[in-house]
Amino acid sequence: MHILIVDDDPLAAELSAAILQAAGYQTLVAEQALDALEQLEANPDLDVVVSDMHMPLMNGIEFFAEVRERGYPCRFILLTGDAPEELQTQQPGLDACLLKDFSLEHSLPRLVAELTASRHEA
């Protein structure tokens, strides 16, 4: 299972990568959405994208729209410090929107497992 993590905060990106690697996933990290689009082009079989909401040049919602516009079928999880329910309502096509807090160590691997399991069942 390959996961692309997109976050302009290097510490937050490495933390998310470490959490997912500890759960057995292979990760790639991009510092911003434009770098992530290049990584998606080079690795179109990525299973999941985990993106921060607030990034320079292109925010997480805009990045999600660009990913879908380009036809990448990967699952997309948006991480935010804002109210995740509001963002999920604004963009119902998101697979999930998760609060970026101290519970991420448990909630992120569990959510990735749920989303990828449901994809295989579909």
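Everything numeric here is computed off the predicted structure, so don't read it as measured data.

Rules behind the numbers
- Residues numbered from 1 in each chain as written.
- Predicted model: local features only at pLDDT ≥ 70, side-chain atom pairs only at ≥ 80, totals over all residues.
- Heavy atoms only, no water.
- Axes fitted to C-alpha atoms, helices over the stretch in contact; angles between N-to-C directions.
- Helix = DSSP H or I, 4+ residues; strand = E, 2+ residues; numbered from the N terminus.
- Parallel < 35°, antiparallel > 145°, perpendicular 65-115°, else oblique.
- Left-handed = near helix turned anticlockwise from the far one by under 90°.
- Contact = heavy atoms within 4.5 Å.
- Nonpolar A, V, L, I, M, F, W, Y, C, P; charged D, E, K, R; others polar.
- UniProt positions renumbered as here; feature names shortened; annotations may be inferred.
- Buried < 20%, exposed > 50% of the residue type's maximum accessible area, 1.4 Å probe, protein only.
- Arc of directions from axis to C-beta.
- Polar contact = N/O pair within 3.5 Å; in protein donor to acceptor, adjacent residues only side chain to side chain.

Axis separation between helix H2 (residues 33–42) and helix H3 (residues 60–69) bottoms out at 11 Å; the angle between their running directions is 25°. If you check the angle between H2 and H3, you find them roughly parallel. At the point where H2 passes H3, the crossing takes the right-handed sense. For the pair H2 and H3, contact is made by Ala33, Ala36, Leu37 and Leu40 and by Phe63, Glu66 and Val67, respectively. By residue class, the composition of the contact of H2 with H3 is six nonpolar, no polar and one charged.

Here we take up the UniProt feature "domain: Response regulatory" (unreviewed entry) in the chain. Summarizing the sequence annotation, UniProt attributes the feature "domain: Response regulatory" (unreviewed entry) to residues 2–115 in the numbering used throughout. A distance of 13 Å separates the end C-alpha atoms of residues 2–115, which is 46% helix and 22% strand.

A separate point is H2. Burial in H2 covers these residues: Ala33, Ala36, Leu37 and Leu40. Each buried residue of H2 lies within a common arc of 105° when the element is viewed along its axis, so the set occupies one face. Facing away from the buried side of H2, by more than 90 degrees, are the exposed residues Glu38, Glu41 and Ala42. Buried residues belonging to H2 abut strand S1 (2–6), strand S2 (26–30), strand S3 (48–52) and H3. Structurally, the start of H2 carries an N-cap: the backbone nitrogen of leucine 34 is 2.9 Å from a side-chain oxygen of glutamine 32.

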